[in-house]
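Residues per chain, in single letters:
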Amino acid sequence: MSFLAGTHRFLDPKCNEILDQFYECIEKKSRAVGSCDSLLAQLYRCKKEDLETHRQLNKTDTERKQRERIIARDPIIQKKLEILKRLQEKQKNESTSSSS
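Residues numbered from 1 in each chain as written. Predicted model: local features only at pLDDT ≥ 70, side-chain atom pairs only at ≥ 80, totals over all residues. Heavy atoms only, no water.

### Considering the overall build of the protein
Then, number 1: Each helix and strand counted, the protein has 3 helices and 0 strands in total.
Then, number 2: Across the protein, helices and strands are ordered from the amino to the carboxyl terminus as α-α-α.
Then, number 3: Looking at the protein as a whole, 16% of its 100 residues qualify as buried.
Then, number 4: Of the contacts made within the protein by residues no fewer than 6 positions apart, 47% connect residues no fewer than 24 positions apart.
Then, number 5: Accessible surface, the protein as shown: approximately 8200 Å² in total, 54% of it carbon and sulfur. (Helix = DSSP H or I, 4+ residues; strand = E, 2+ residues; numbered from the N terminus. Buried < 20%, exposed > 50% of the residue type's maximum accessible area, 1.4 Å probe, protein only. Contact = heavy atoms within 4.5 Å. Areas by Shrake-Rupley, 256 points an atom, 1.4 Å probe, with all protein chains shown as cover.)

### Looking at the state of the cysteines
Defined simply, a disulfide is a covalent bond joining two cysteines at their sulfur atoms.
Then, number 1: Under the counting rule described, the total for this entry stands at 2 disulfides.
Then, number 2: Across the disulfide from C15 sits C46; the S-S distance is 2.2 Å. As the torsion about the S-S bond is roughly -85°, the C15-C46 disulfide counts as left-handed. Of this pair, C15 sits in helix α1 (residues 13-29) while C46 sits in helix α2 (residues 37-73); the two residues are 31 residues apart in sequence, bridging distant segments of the chain. With respect to class, C15 is no different from C46; both count as buried.
Then, number 3: Each sulfur in the disulfide pair C25 and C36 lies 1.9 Å from the other. As the torsion about the S-S bond is roughly -95°, the C25-C36 disulfide counts as left-handed. Of the two residues, C25 sits in helix α1 while C36 sits in the loop between α1 and α2, which places them 11 residues apart along the sequence.
Then, number 4: By relative accessible area, which is 5% here, C36 ends up buried.
Then, number 5: By sequence-ordered numbering of the bonded cysteines, the protein has its disulfides arranged as 1-4, 2-3. (Disulfide = S-S within 2.5 Å.)

### Notes on the nonpolar core
Then, number 1: With 12 residues, the main nonpolar core is built from F10, C15, I18, L19, F22, C25, I26, C36, L39, L40, L43 and C46.
Then, number 2: Mapped by element, the contributors of at least two residues to this core are α1 and α2. (Core = buried A, V, L, I, M, F, W, Y, C linked by side-chain atoms within 4.5 Å.)

### With respect to a nonpolar patch on the surface
Then, number 1: On the surface, a cluster of nonpolar side chains totalling about 230 Å² of accessible area is made up of I71, L81 and L84.
Then, number 2: With respect to the helices, strands and loops of the structure, L81 is situated in helix α3 (residues 75-99).
Then, number 3: Residue classification places L81 among the partly exposed positions, given a relative accessible area of 42%. (Patch = residues over 30% accessible without salt bridge, like charges linked within 9 Å, V, L, I, M, F, W, Y side chains within 5 Å. Salt bridge = Lys/Arg side-chain N within 4 Å of Asp/Glu carboxyl O.)

### Description of the pattern of salt bridges
Oppositely charged side chains may form a pair once their charged atoms are brought near each other.
Then, number 1: In this structure the tally under the stated criterion is 6 salt bridges.
Then, number 2: With its nearest N and O atoms 2.4 Å apart, the salt bridge here joins R64 to D61. With R64 and D61 both in helix α2 and 3 residues apart, the pair spans about one turn of that helix.
Then, number 3: Residue R64 is classed as partly exposed on the basis of its relative accessible area, which comes to 36%.

Here's what the structure looks like:
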């Protein structure tokens, strides 16, 4: 049960329910051998899924930040974004003036 030390709440609410059930089981059964094994097995699955979800979130965040850095450093992309922004402002001004 070493992975339970410093237990955090999981991303999945169902896993948090299992965690609560596990603690209740431990308290009620006074750590009777094998009494909470099924919940412990579910917790291990939750922990594995939770770690994978965190990895995916971190990977997505890292990729997004990397894209942002590349865009910020690329003068051609910056020039295109500047042109796009001017076009959008021009369209906005034209639509505002035509609706008046």
